[in-house]
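Each chain is listed here by its residues.
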Amino acid sequence: MNAEMFRARKGLEGVIFDETAISDVIPERQTLLYRGYPVAALAEQCRFEEVAYLLLRGELPAPESLTAFTDFERHNRSLDDGTLRVLRESPAGHHPMDSLRTAVSFMSMSLPSPGPEDHAALLRSSELLFAKMPTMVAADYRLRQGKAPVPPRPDLSLAENFFSMCFEQVPGPDLVKAFDASLTLYAEHGFNASTFTARVVASSLSDLGSAVTAAIGSLKGPLHGGANEAVMAMLTEIESPDRARDWVLGALADRRKIMGFGHRVYRLGDSRVPTMKTYRDRVAQATGDSRWIAISDIVEQTVLEQKGIPANLDFPAGPTYALLGFDSPMFTPIFAMARVTGWCAHVMEQLSSNRIVRPLSAYVGPQERPVPPPRDRPA
Ligand code: COA
């Protein structure tokens, strides 16, 4: 093997790890395709359930297939008593990504554990996770507030039902659409860290529940999904537009990263940001609250001017969720209940032509040496 093969590729930058037919990130055109369809058009023209079907099953559904898919989703939203108990017994002050991770891990013990050749059973387990994760997120939100969980309503769409389970009411169609579109934008994005995690776990022929549980753990970090919560913490700390520029200048002078900016793949700009900003602005208009947008605009201008780094999806998504009434620890769990569609699609794809993921390391520790007798060992 030559020296180049032993050079560590930190963060796997530039490494093509496998093929995929699920999504195509095209940074030079700031475009993202889900199975060939531009994500902006999907967010505008389709409901999230259709996009979930597309990701999990490969094509957009015909009307009768969509009905069967949504019927299954609507009638499998409820949680078993054990999973509800796990949520109830989460320690006070827990982060909802931790309770979601634990609830998914617990609940998936009851999922069938099909082998890689049983695609139909894998799909069924994926669709059960898709149906139940929003209920977990909403129930945990209610319990954190000292309130009883609200049972899911099968007469409502996924997005409407999520509002109903959190707030006991459904907002107007414009707000529901903004939320629904955000789920589409969050659903899938190539070999991002959590998806890669899910594929690595699946590649050892472990089970779907383990892959999704591990992916939730990966998504939680602020360099990945946790950034949408961190964006809101930043906007809240900045507090008012007149403080925004100095706040950013100070953070950059301290060599701190500005959350919601930068991306490993997009250097020109994130394909999903223009669509998310459109919906964010509509929500701000509908709620009559433009404070977060005013602060966001100055932060964005300043980061661009100082560093030339564009915003990513988490930057407009965070304030959109705040305006819709969600508390910020819930933002990343919302991301997870959308991204589970991508994770499951990738687990199935990995298993359809599997090879265990097992990279090499470039060893930089001590050269081979004899084990010293106990009296000569360092303290
Ligand atoms: N704020 C300030 N500087 C940033 C930055 C940010 N958000 N993102 C990247 N940079 C700078 C780095 O400091 C580094 O500068 P240097 O070369 O002078 O040290 C350079 O840009 C490259 O950044 P790096 O962290 O090596 O890029 P990466 O590809 O490894 O990381 C992210 C990509 C997304 C993890 C990174 O941009 C980041 O941490 N962003 C903030 C968190 C976030 O929003 N995550 C959600 C991603 S969708």
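Our subject is the structure that appears above.
The present account deals with the structure reproduced in this document.

About the criteria used
- Residues numbered from 1 in each chain as written.
- Predicted model: local features only at pLDDT ≥ 70, side-chain atom pairs only at ≥ 80, totals over all residues.
- Heavy atoms only, no water.
- Helix = DSSP H or I, 4+ residues; strand = E, 2+ residues; numbered from the N terminus.
- Rg over C-alpha atoms; globule rule 2.2 N^0.38 Å.
- Buried < 20%, exposed > 50% of the residue type's maximum accessible area, 1.4 Å probe, protein only.
- Contact = heavy atoms within 4.5 Å.
- Areas by Shrake-Rupley, 256 points an atom, 1.4 Å probe, with all protein chains shown as cover.
- Near = heavy atom within 4 Å.
- Polar contact = N/O pair within 3.5 Å; in protein donor to acceptor, adjacent residues only side chain to side chain.
- 1 Å grid on protein atoms, 1.4 Å probe; cavity = no way out; pocket = protein on both sides within 12 Å on 5 of 7 lines; lining within 4 Å.
- Sits in = over half its atoms within 2 Å of the grid points.
- Nonpolar A, V, L, I, M, F, W, Y, C, P; charged D, E, K, R; others polar.

Below, the discussion takes up the overall build of the protein chain. Looking only at helices and strands, one finds 16 helices and 3 strands in the protein chain. The C-alpha radius of gyration computed for the protein chain amounts to 22 Å, which stays within 12% of the reference 21 Å derived for 379 residues, consistent with globular compactness. With the C-alpha coordinates of the protein chain rotated into their principal frame, the extents come out at 70 × 55 × 45 Å. Counting the 379 residues in the protein chain, one finds 50% classified as buried. Considering only intrachain contacts with a sequence separation of at least 6, the fraction spanning at least 24 residues in the protein chain is 75%. Total accessible area on the protein chain is roughly 18,100 Å²; 52% of this is exposed by carbon and sulfur atoms.

What follows is about the site of the ligand. As a structural note, the neighbourhood of the ligand is formed by 18 residues, with Lys-257, Ile-258, Gly-260, Phe-261 and Arg-264 the closest of them. Taking Lys-257, its side chain carries an N or O atom lying 2.6 Å from an oxygen atom of the ligand. One nitrogen or oxygen atom from the main chain of Gly-260 is found 2.8 Å from an oxygen atom belonging to the ligand. The cavity where the ligand resides is the largest pocket. Counted by class, the shell around the ligand contains 7 nonpolar, 5 polar and 6 charged residues.

Its identity as a non-glycine residue notwithstanding, Leu-12 has a phi of 55°, on the positive side. By relative accessible area, Leu-12 is classed as partly exposed at 40%.

Note that every value here comes from positions in space, so none of it alone points to a role or purpose.
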